[in-house]
Amino acid sequence: MPLLGLIRLLDMKIQASRRTRGVEYAIRDIVEEASELERCGKKVIYLNTGDPVRYGFQTPLHIRRALEKAVTNGFNYYSSSEGLKELREAIVEKEKRVNMVELDPANVIVTTGITEGILLLISAIVNPGDEVLMPGPCYPAYIAYTTFFEGKAVTYRTIEDRGWAPDLSNLEEKISERTRLILIINPSNPCGSVYSQDDLEKILELAASHDIPVAADEVYDRIIFDRNFTSVGSLAKEAPIIGLNGFSKTYLMTGWRLGYIYLHDPLGRLSKVWEGIQRLSRTRCASTPAQKAGVEALRGSEEHIFQMVSKLKKRRDFAWKRINQIPGLASSKPEGAFYIFPRVTMIEKWRNDEEFIIELLEKTGVLLVHGSGFDATYGKDHFRAVFLPEENLLAEAFDRIDEFMKMYA
């Protein structure tokens, strides 16, 4: 081959698929900036990732021993695609005991983390041009997968002054003939809000009146501080509900990648969608040893949950008070999960919230996530931070942020 032809060949780049070009995940996309700073010798305080195990919370011993026992005893083969029968039965027991949701093990599929459950759900229900109504701000994976499958993520307003409660009027206004699903994330990621039973009932009534199914992401259902948690499935009666949950947060099994998706549908209205989810699930399976440990997680001691929530509540109180003392920041009080979503009240000093968090990172070494990464409309001018670290590290982070903000006050 002539040299010029070889150069041209080497210079040609095969393009990525059109579907992948709009996929973003703000929580991890920003990490490369922090890694570069660390390579230059700067200490970075990571407040971007919701991984309690990274911040000193340890997977309970009885769960770790169950994994070791499973591996030692030969449970190292592929499981069935829907998951081990014993684990699906334990999930049904847990949902009834904790959330008062009645399920059939046949309507439970074990997934490799809740994110795979999101992928299965969106891929089975969204056709090109379909719309999914989701809270704004929203966990980015829902937006990313809806976009990937050529649907449209439509965010409904949540009200910051009411602790990020859903704006039911705005939700109803955004229902269209293309709406295929209404999503509830409760407790909320990124806002830490916990929806009231009254709001949940009204969303279900609204969905029923428009003949739209509801999906409920309840992965933080045990991490609650100030009010009672109500599962959507416990209120559904005959309404079709698809639930998503997992082991990462409550059971401190983040790296184990174990979750589940379930169907509550007494009248069988989502049977075709569930069949689609089942067909997709047959292309993979979750880790067998992790599933054996998952059984122990659900049926064993839960003492660690109470200890974890007690620590997190103190850290929540500290973070909320400290942030509201910093000039140019204001935040509502999270009621669940381990996130806080402050507003930058003098955002006009920067082009946008992403520029704000990048400059903050470069000058202070504190890594946050820009709010517009959770929704360009209702997340902008905010940032998300975790309050998982111990108070001394949180204090150091907030001191750095305080000094930075005073430069612009």
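Residues numbered from 1 in each chain as written. Predicted model: local features only at pLDDT ≥ 70, side-chain atom pairs only at ≥ 80, totals over all residues. Heavy atoms only, no water.

A. Broad picture of the sheet that holds strand 5 (residues 165–166). Ordered by their spatial adjacency, eight strands build an open sheet running 2-9-8-7-6-3-4-5, and the pairing between neighbours is mixed. Taken across any chain shown, the strands that pair with only one partner, and hence form the sheet edges, are strand 2 (108–111) and strand 5. Where strand 3 (residues 131–136) meets strand 6 (residues 179–185), three bridges bridge the pair, whose relative direction is parallel. In the sheet register, Val-132 faces strand 6, and the bridge partner there is Leu-181. Across the sheet, helix 6 (residues 114–125) is in contact with strand 2, strand 6, strand 7 (214–217), strand 8 (241–246) and strand 9 (259–264); its angle to strand 8 comes to roughly 160°. Sheet strands touched by helix 11 (residues 271–281): strand 2, strand 8 and strand 9. Its angle to strand 2, the strand with the most contacts, is close to 35°. (Pairing = 2+ DSSP bridges. Helix = DSSP H or I, 4+ residues; strand = E, 2+ residues; numbered from the N terminus. Contact = heavy atoms within 4.5 Å. Axes fitted to C-alpha atoms, helices over the stretch in contact; angles between N-to-C directions.)

B. Up close: a negative patch on the surface. Together, Asp-29, Glu-33, Glu-354 and Glu-362 give the surface a local cluster of negative charge. Tracing the chain through its elements places Glu-362 in helix 14 (residues 353–364). (Patch = residues over 30% accessible without salt bridge, like charges linked within 9 Å, V, L, I, M, F, W, Y side chains within 5 Å. Areas by Shrake-Rupley, 256 points an atom, 1.4 Å probe, with all protein chains shown as cover. Salt bridge = Lys/Arg side-chain N within 4 Å of Asp/Glu carboxyl O. Lys, Arg positive; Asp, Glu negative; His and termini not counted. Charge placed at Lys NZ, Arg CZ, Asp CG, Glu CD.)

C. Inspection of empty space enclosed by the protein at higher detail. Summed over all chains, the structure comprises one cavity of 30 Å³ or more. Space inside the largest cavity adds up to approximately 50 Å³. Around the largest cavity, the lining residues are Pro-135, Pro-137, Cys-138, Thr-158, Trp-164, Ile-185, Ser-188, Asn-189, Pro-190, Cys-191, Ser-193 and Tyr-195. Within the lining of the largest cavity, the residues separate by chemical class into eight nonpolar, four polar and no charged. (1 Å grid on protein atoms, 1.4 Å probe; cavity = no way out; pocket = protein on both sides within 12 Å on 5 of 7 lines; lining within 4 Å. Points joined across faces, edges and corners; volume = space filled by probe spheres on them. Nonpolar A, V, L, I, M, F, W, Y, C, P; charged D, E, K, R; others polar.)

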